[in-house]
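Results of the structural survey
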Amino acid sequence: MEIKAKEKKKHTWVNDEIEIDFRVPYYIQQIIDKCEEYDLQANPLYFEWSEALENLTKDLMYDQILSVAQREILLKRYP
């Protein structure tokens, strides 16, 4: 019987189980990149960028650039 080692989590705060399977605007991608960078460093600045993502995606949802479902996926991945 083979016992598999539990896969090591890559990120500190980013939810690795959530996949982004849609295109995001360039400025959202820039925020995502900062979130990923700060998360890998376990830098608390992650939360500033995560909050910026939350605020900007709300505006994009109202402007119908992102759907409600897309925003929810982004916010679940980058809490």
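Residues numbered from 1 in each chain as written. Predicted model: local features only at pLDDT ≥ 70, side-chain atom pairs only at ≥ 80, totals over all residues. Heavy atoms only, no water.

Structural notes on the overall build of the protein
How we decide: By definition, any uninterrupted DSSP run of H or I lasting at least four residues is a helix, any uninterrupted run of E lasting at least two residues is a strand, and each is numbered from the N terminus. Working rule for contacts: check all heavy atoms of both residues, and any pair within 4.5 Å makes them a contact. Only the protein chains shown count as cover for residues, and the accessible areas themselves come from Shrake-Rupley with a 1.4 Å probe.
Each helix and strand in the protein was counted, giving three helices and zero strands. Counting from the amino terminus, the protein carries its helices and strands in the arrangement α-α-α. Within the protein, residue pairs in contact and separated by at least 24 positions form 67% of the contacts whose partners lie at least 6 positions apart. As presented, the protein carries roughly 6,000 Å² of accessible surface, and 51% of it is formed by carbon and sulfur atoms.

Observations concerning a nonpolar patch on the surface
Let me state the cut-off plainly: Two distance rules govern patches: like charges are joined within 9 Å, and nonpolar side chains (Val, Leu, Ile, Met, Phe, Trp, Tyr) within 5 Å, applied only to residues with over 30% relative accessible area and no salt bridge. Whenever Lys or Arg places a side-chain nitrogen within 4 Å of a carboxyl oxygen from Asp or Glu, that contact is recorded as a salt bridge.
A grouping of Tyr26, Tyr27 and Ile65 is seen on the molecular surface, where their side chains present a nonpolar patch of about 360 Å² in accessible area. Within the secondary structure, Tyr26 sits in helix α1 (residues 26-40).

Here we look at the nonpolar core
Soluble globular proteins tend to pack their nonpolar side chains together in the buried interior. Stated precisely, the cut-off is as follows: Residues grouped as a nonpolar core are buried Ala, Val, Leu, Ile, Met, Phe, Trp, Tyr and Cys residues, joined through side-chain atoms within 4.5 Å. Note on exposure labels: buried denotes an accessible area under 20% of the residue type's maximum, exposed denotes more than 50%, and partly exposed covers the range between, all computed with a 1.4 Å probe on protein chains only.
Val24, Ile28, Ile32, Tyr46, Leu74 and Tyr78 are the most contacted members of the largest nonpolar core, which totals 14 residues. Mapped onto this core, the elements with two or more residues apiece are α1 and α2 (45-62). Ranked by residues supplied to this core, first place goes to α1 with five residues. In this view, Ile28 contacts Leu53, Leu56, Thr57, Leu60 and Leu74; residues no more than four positions away in its chain are not counted.

A closer look at the environment of Glu54
Take Glu54: it is sitting in helix α2. On a C-alpha basis, the gap between Glu54 and Leu74 in space is 8.4 Å, while along the polypeptide they are 20 residues apart.

It is worth stressing that arrangement in space is one thing and function is another; only the former is reported here.
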